[in-house]
Amino acid sequence: MAVARQVLVQAAPGVIGRKHYRADFQMHSQWSDGAQTIAEMALGCSERGYTHFAVTDHARGLTIARGLSAESMKAQHREIDALNDSLDGKMRVLKGIEANILADGRLDVSADEMQRCDIVLAAPHSRLDEPGDQTDRVLATVNTPGVHVLAHPSGRKFGKRAGLTVRWGRVFKEAARRNVAIELDGDPSRQDLGYALVCQALDAGCVFAIDSDAHATEELVFSDIALAHARLAGVPPARVINCWPLKKLLTWLQSHQQ
C-alpha cells in the first residue's frame, strides 16, 4: 500500500488517478462472504466520495463463499431497490453478481439471472493450478452475452498460485472486440492483472474496471493498489469504466444485453 501511494502521488498527466475515480464495481456483502451489510458498504463508498457502486456477491456455484441462489439474488435485489429509494439519488447502488467461470467457460448463472443484474462480473475460481493452456476457457467467457467485466482474470495469488496459463494477447483482442472490460483487482494478495499485462491490454484497445474486491468497508482502500497498477501502465481515465458518469456507464452496461 505504501508503494501504491507513492505511485499515486507522482505526476502523470493524462493518466488515471484518484481524482478520476468515482465508483467501485467489485465488493461483497453479508449476502455471500462479505462482513457487512449493503447499507454499511454504501456508507463506506459515500465516505470515499463515490457517486455509485456495485454489490457483486458470489453466484451460487461458489458454495465455499456462500454463493447466492436464484431466490437469494431476487431478495437481495429487493433490498437494493429499497436502499436506493432511501438514498434519494445521493448514491446509486447497482445490482451485480460475480459469476464463476466453469471448466468449459460457461458461467454458474443463467441468462435470465444475468439480465436481472445491472453489471455482471465473470471470474475464475477453479482449476487455477492446472498447467495446461486455458485460453479457450477464458475466450468462451468473454464471448458470453451479458458479461461486462472479466474479473481478476488470471486467478493468481501471491505465495499460493501463479494463476491460469492463458495466451493473453488473444483474450485482450477479443475482449476489445466484444467491449468487455478487463479488471484490475486491488486485493493485495491478487493484484490481478498487474501492470505489465495491463500494458498489453491497453495496446489491444481494451477498456478496464479498477476495483477493490472489498469484503468490508476498510478494504475499499484496496482500489488504490489497482489504481497504482493502472497508473504504471499509463491507462487514461477515459478507458476506465469506474471514471465514467453514471449515465454513460448505464448505457454501456445495457449495450451488453443485446
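Here the structure is a predicted model, which is why all the values come from computation and not from measurement.

Calculation rules
- Residues numbered from 1 in each chain as written.
- Predicted model: local features only at pLDDT ≥ 70, side-chain atom pairs only at ≥ 80, totals over all residues.
- Heavy atoms only, no water.
- Pairing = 2+ DSSP bridges.
- Helix = DSSP H or I, 4+ residues; strand = E, 2+ residues; numbered from the N terminus.
- Contact = heavy atoms within 4.5 Å.
- Axes fitted to C-alpha atoms, helices over the stretch in contact; angles between N-to-C directions.
- Buried < 20%, exposed > 50% of the residue type's maximum accessible area, 1.4 Å probe, protein only.
- Polar contact = N/O pair within 3.5 Å; in protein donor to acceptor, adjacent residues only side chain to side chain.

**Q** With reference to specific residues and values, describe the sheet that holds strand S1 (residues 23-24).
**A** Pairing is parallel in the open sheet, where seven strands are placed in the order S1-S2-S3-S4-S5-S6-S7. Of all strands in the sheet, those with a lone pairing partner are S1 and strand S7 (208-211), marking the two edges. Against the sheet, helix H2 (residues 38-47) makes contact with strand S2 (52-55) and strand S3 (92-101), and its axis sits at roughly 145° relative to S2, the strand it touches most.

**Q** So what's going on with helix H5 (residues 135-142)? Which residues, and what values?
**A** Taking burial as the measure, the eight residues of H5 include six buried ones, the bulk of the element. What H5 keeps buried is the set Thr135, Arg137, Val138, Leu139, Thr141 and Val142. On its buried face, H5 is in contact with S3, strand S4 (119-124), strand S5 (149-150) and helix H6 (168-178).

**Q** Pulling in residues and values, what's your account of the side chain of asparagine 100?
**A** Within the secondary structure, asparagine 100 is located in strand S3. Leave out the neighbours within four places in its chain, and asparagine 100 touches Arg106, Leu107, Asp108, Ala123, Pro124, His125 and Ser126.

**Q** I'd like to hear about the side chain of aspartate 24, residue by residue, with values.
**A** If you trace the backbone, aspartate 24 turns up in strand S1. A distance of 3.3 Å separates a polar atom in the side chain of aspartate 24 from the backbone nitrogen of glutamine 26. If near-sequence neighbours (up to four positions away) are discounted, aspartate 24 is found in contact with Tyr50, His52, Phe53, Ala54, Asp211, Ser212, Leu220, Ser223 and Asn242.

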